[in-house]
Amino acid sequence: MAVPDAPDAMLVVEGVTKRYQGVTALLDVDLSVRPSEIHALLGGNGAGKSTLINVLAGVTAPDEGTITLDGERLEIRKPSDALAHGITTVHQELSLVPALTTLDNIFLGREMRSGPPGLKVKLDRKTMTKRVESLAAEFGLSRIDLQLPVGEFGALKKRVVEIVKALAFEPRLLILDEPTSGLEDDERHRLFEYMRALRDRDVSLIWVTHHLDELFGLADTATVFRDGQTVGSVPVSDTSTDDLVQRMFGIAASELSGTREDAAPERVTEPGAEVLRLSDVSQGTVLREVSLSVHRGEILGIAGLAGAGRTELARAIMGVDKISSGSVHLHGKRVQVRHSSGMYRRGLAMVPEDRKHLGILGDLSIAENISISNLRRVSRFGFVVNKGSEAARAEEYRKSMSIRTPDVHAKIRNLSGGNQQKVIVARCLNTDPSVLIFDEPTQGIDVSAKVEVHNLIRDFVAAGGAAIVIASEVAELIELSHRVLVMKKGRLVGEITGIPEALADNRYDEVEHRIVSLAAGRSVA
Amino acid sequence: MSTDQSKARVSVLERAGYRLLLDPTLGVQAMLVTICVVAAFSFPVFLTEVNLYNVVGSSIIVMLLALGMTVVLIARGIDLSVGAVMALCAAVTAEALLNGYPLTLAAPMALATGAAVGIANGLLITKLGLPDFIATLAMLGFASGILYIWTGGVPIIGYMVPEFYYVGGLTPLVGSVTVPMLIALVLALVLGGLLGWSRLGTHLFAVGSSEHSARQSGVAVHRVRILAYVISGLMAAVAGIVIAGRNTNVPADLGTGYEIQAIAAAVIGGASLGGGRGRILGAVLGALTLAVSINLINLLGVPSSYQKIVIGAILLLAVVANRLSEIVNAWARRRRLARAPVDHEADAPDLGPPTVPAESLKPTRKALR
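Predicted model only: the values in this text are computed from it and were never measured. (Residues numbered from 1 in each chain as written. Chains lettered and ligands numbered in written order. Predicted model: local features only at pLDDT ≥ 70, side-chain atom pairs only at ≥ 80, totals over all residues.)

## As for the sheet that holds strand E12 (residues 229-235) of chain A
The strands that make up a sheet pair up through hydrogen bonds in the backbone, lying either parallel or antiparallel.
Residue and element names in this part refer to chain A.
Thinking step 1. Pairing in this open sheet of six strands is mixed, and the strands run E6-E9-E10-E3-E11-E12 from one edge to the other. Only two strands of the sheet have a single neighbouring strand rather than two, namely strand E6 (87-90) and E12. Averaged over all pairs of adjacent strands, the angle between strand axes in this sheet comes to 20°, irrespective of strand direction.
Thinking step 2. Sheet topology note: the strand E3 (residues 38-42)/strand E11 (residues 221-226) ladder contains four bridges and is parallel. Bridge assignment links His39 to a residue of E11, and that residue is Thr221.
Thinking step 3. Against the sheet, helix H1 (residues 49-57) contacts E3, E6, strand E9 (173-177), strand E10 (204-208) and E11, and its axis sits at roughly 145° relative to E9.
Thinking step 4. Against the sheet, helix H8 (residues 241-249) makes contact with E3, E11 and E12, and its axis sits at roughly 30° relative to E11, the strand it touches most. (Pairing = 2+ DSSP bridges. Helix = DSSP H or I, 4+ residues; strand = E, 2+ residues; numbered from the N terminus. Axes fitted to C-alpha atoms, helices over the stretch in contact; angles between N-to-C directions. Contact = placed C-beta atoms within 7 Å.)

Shown next as structure tokens:
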């Protein structure tokens, strides 16, 4: 299936190639976007969507290829070039300046000024406020929010600001990279409405998403990428989720979604000895008298709404944050949790939530990223790092975890999100942990990488480890866990045991219902 | 629950909190007032008009440099060359006057010199990608080296023309008010306006706070950083013109140590070496705090060689105070966010039937960070 020749195309990308130090991110990619359409870009992690978007937004320069907008050949060398041509991008990683107010952020680089003719130097914040006020209000940003520095906001609100910033300037072509991640349902639907309204106003949209179910009824065309190449474009009305998944991964959808049925029965095992126990652990107001225990061979899921204290619990166990009262027992012995390094030594490890900021060391190689938590293992005399054995060990992990990279010496930042996550898991495994904590292990990674990460967790537990998994997606928790604890406002409010057995009895909905009710604060009838 | 009212109160408090955070001048004010009160009670002479004007007058040079330094610090840079550039510009002014040029030509020459050094600093940092610290350190050596060769180590003297006594502040304008005080006041107002109400000001904060985001938003990052150094260079030139008039001679080592005082004044005033923070009023108060402290130790009869220790101690104190305010603020923010879900629930007690769809859990990622 070739890219259809579209003589009426507004944006035409031809033969774009981009290589990063040995990794080919894009190879001879074509894309054509018609006027006023919503054009979805699909593909697994590392398929090249983000790179293409960066090329269009002027963040990265392509090695080869041409970009044509309305028949005019564009030279996009820097972000301001793209903006000047009406190409606005909402990046997955936010492009907001923490020190500036919401208003200044929205108008950053496009400020409106007042003053006598020829001397228009004063920022006209009044006019700027007027211009953006109603749009902002529709996304729940008040006038006062406009005057607050963005650094004060949580991740969700920042995303909203980012979207308002993009919509405020009537773009010709709006690029949205995973715009809905972190949005509430309401805001998500409002964004979709806006996308439709923009299309009606002759704006074209390029939309990157991992949620295939969002496409239907919204996107007009979908272009699928795989391994840095264009697989093809299809009208969304002529296709199905299964069809798209098959194009994205080159395999049938059933192979990907089959994990739940396959995995559930064999996981019905007796839990082993207790590894970790918490008694009445409190930390300020965010954790209150939490008691729990984890056993060998067990995956313990932690559910809860945002702000329920799940991440705080993980951080408290790892010694990242100090606990104010209560005790932690490892293998039956009480331990004083002081530093995370001490907990690592004692056999705990954590895959943190925010991979980009807390997990990877972007400029180090894959091999270095794996060995960093346990350098002794690859060192001579305990302190001279042996690069050879470091690489050899990384090579083992690359094979066993199918980390997709040509070379373990490549910088980790050049890997896709899913593969970065595997490297982080490898780093944790390399410390030979007895308890491994996963905080949102599959956030922002694609379906196939997700399955792989899930299998890594299962393998770890099958080999006698104990895992604690924190996830916002209830379905993911149910799929993985033997037992789920539900948190609410820093407390444990419920426990659901025997999940594999329940799944084997086809009682998935009941389990889900109980978890969701507990998390939302309803008593189970 | 009186939701609206409590919300409004929180936001006003939030704003006040933010002002305190980005506006740590309050801390400096407290420090300045404390030192003044101590000085006033210990030494009646402190509060005399002569002494007060003397203190203000002595703070002007550092103040001018600190104003430029604040701009650079906001853009996440640092300018170590200001002292040397000031001395070089003082020499340019003095030599021009010696060669018979009028002050109206000598001063622009000095300003051009300062601007040129600023451009050079900016280009080295942006185009060659040198660290700010290294580029301006090299410029410090370069500028003071030129001055030594030029003067042969002998101070320039005999350049004073009558109107230059005004510029140096040796002859007051009206009462005890001197020209340098007015220059500093006007420039502080101009730079304050620039930072608060101009595009360049916003861009300076943007570049300092998150260069990546600024670039993605279409800010010409290189130009902004170069302009920051040009402003610093110009301020150093103004300081050079004033100090040439004040000193009545220009020794080659005139600028030694001024870069530290300028950085100290800016940091006392709330500028952060991490970029994105800084206030003009803070720089002014910071310079005054340094001057008052030095005045106090002079009154105490402490040998002037101890001044450096005092400056160092005040700098440390200010940085510790800033750090404390950051910690307190981060704590307050966490508290506020931790409260948020509770409030949210109180606002919307009706969450619908107990069967909330699983999707509604999915997108609610941490508001908590």
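There's more to say after this.
## Some points on the packing of helix H16 (residues 417-429) of chain A against helix H17 (residues 447-462) of chain A
Residues and elements named next belong to chain A.
Thinking step 1. At a minimum axis separation of 9 Å, H16 and H17 run at an interaxial angle of 10°. Comparing their axes, H17 and H16 come out roughly parallel. When H16 is examined against H17, the residues Gly418, Gln421, Lys422, Val425 and Leu429 are found in contact with a partner set consisting of Ala449, Glu452, Val453, Leu456 and Phe460. (Parallel < 35°, antiparallel > 145°, perpendicular 65-115°, else oblique.)

## Things to note about the sheet that holds strand E14 (residues 287-295) of chain A
Residues and elements named next belong to chain A.
Thinking step 1. Strand order in this open sheet of four strands is E14-E13-E16-E17, and the pairing throughout is antiparallel. Two strands close off the open sheet at either side, each with one partner strand: E14 and strand E17 (333-335). Between one strand axis and the next, the sheet turns through 20° on average, direction left out of account.
Thinking step 2. Relative to E17, strand E16 (residues 325-330) runs antiparallel, the two sharing three bridges. Along E17, the bridge assignment pairs Val328 with Val335.

## Some remarks on the confidence of the model for chain B
All names here are of chain B.
Thinking step 1. On average, residues of chain B score 83 in pLDDT, and 82% of them reach the 70 mark or higher.
Thinking step 2. Note on residues 1-8: pLDDT under 50 across the span, and two contacts to partners over four residues away in sequence or across chains.
Thinking step 3. Note on the complex model: pTM 0.73, ipTM 0.76. (pLDDT = per-residue confidence, 0-100.)

## A short note on the packing of helix H4 (residues 82-98) of chain B against helix H11 (residues 221-247) of chain B
Residue and element names in this part refer to chain B.
Thinking step 1. Following both chains from N to C, one finds H4 and H11 inclined at 50°, their axes separated by 7 Å at the closest point. The angle between the axes of H4 and H11 places the two elements in the oblique class. For the pair H4 and H11, the sense of crossing is right-handed. Of the residues in H11, those in contact with Val82, Val85, Met86, Ala87, Leu88, Cys89, Ala90, Thr93 and Ala94 of H4 are Ser232, Gly233, Ala236, Ala237, Ala239, Gly240, Ile241, Ile243 and Ala244.
Thinking step 2. Of the residues assigned to the contact of H4 with H11, the class counts are 14 nonpolar, four polar and no charged. (Left-handed = near helix turned anticlockwise from the far one by under 90°. Nonpolar A, V, L, I, M, F, W, Y, C, P; charged D, E, K, R; others polar.)

## Observations regarding the domain arrangement of chain A
Thinking step 1. Taken domain by domain, chain A holds domain 1 (11-86 + 171-251), domain 2 (97-155), domain 3 (258-347 + 433-525) and domain 4 (360-430).
Thinking step 2. The straight-line distance from the C-alpha centre of domain 2 of chain A to that of domain 3 of chain A is 42 Å. (Domains from an automatic or database assignment.)

## Examining unusual backbone geometry
Residues and elements named next belong to chain A.
Thinking step 1. For His331, which is not glycine, the phi torsion reads 50° and is therefore positive.
Thinking step 2. You can see His331 is positioned in the loop between E16 and E17.
Thinking step 3. If you check the backbone angles, Glu440 has positive phi at about 45° while not being a glycine.
Thinking step 4. Locating Glu440 in the fold gives a position in the loop between strand E21 (435-439) and H17.

## Structural notes on the pairing of E6 of chain A
In regular strands, side chains alternate between the two faces of the sheet.
Residue and element names in this part refer to chain A.
Thinking step 1. Of the two faces of E6, the one lined by Ile87 and Thr89 and the one lined by Thr88 and Val90 are each fully buried.
Thinking step 2. Inspection of the sheet shows E6 paired to E9 by four bridges, in the parallel sense. From the neighbouring strand, Val90 faces E9, where its bridge partner is Leu176. (Buried ≥ 20, exposed ≤ 12 C-beta atoms within 10 Å, placed from the backbone.)

## Side note on helix H6 (residues 132-151) of chain B
All names here are of chain B.
Thinking step 1. When the terminal C-alpha atoms of H6 are compared, their 28 Å separation across 20 residues agrees well with the 28 Å that a helix rising 1.5 Å per residue should span.
Thinking step 2. Listed in full, the buried residues belonging to H6 are Asp132, Ala135, Thr136, Met139, Leu140, Ala143, Ser144 and Leu147. All buried residues of H6 lie within an arc of 155° about the axis, which places them on one face of the element. Across from the buried face of H6, at angles greater than 90 degrees, the exposed residues are Ile134 and Ile149.
Thinking step 3. On its buried side, H6 packs onto H4 and helix H5 (103-126).
Thinking step 4. Trailing H6 by a residue or two, Gly152 shows a phi angle of about 60°, which is positive. (Expected span 1.5 Å × (residues − 1). Arc of directions from axis to C-beta.)

## Details of the pairing of E21 of chain A
All names here are of chain A.
Thinking step 1. With five of five residues buried, E21 is to be regarded as a mostly interior element.
Thinking step 2. A two-sided burial pattern is seen for E21, the buried positions comprising Val435, Ile437 and Asp439 on one face and Leu436 and Phe438 on the other.
Thinking step 3. Inspection of the sheet shows strand E18 (residues 348-351) paired to E21 by four bridges, in the parallel sense. Directly across from Met350, in E21, lies its bridge partner Ile437.
Thinking step 4. By the bridge criterion, five bridges tie E21 to strand E22 (residues 466-470) in an arrangement that is parallel. The partner of Val435 across the bridge, within E22, is Ala466.

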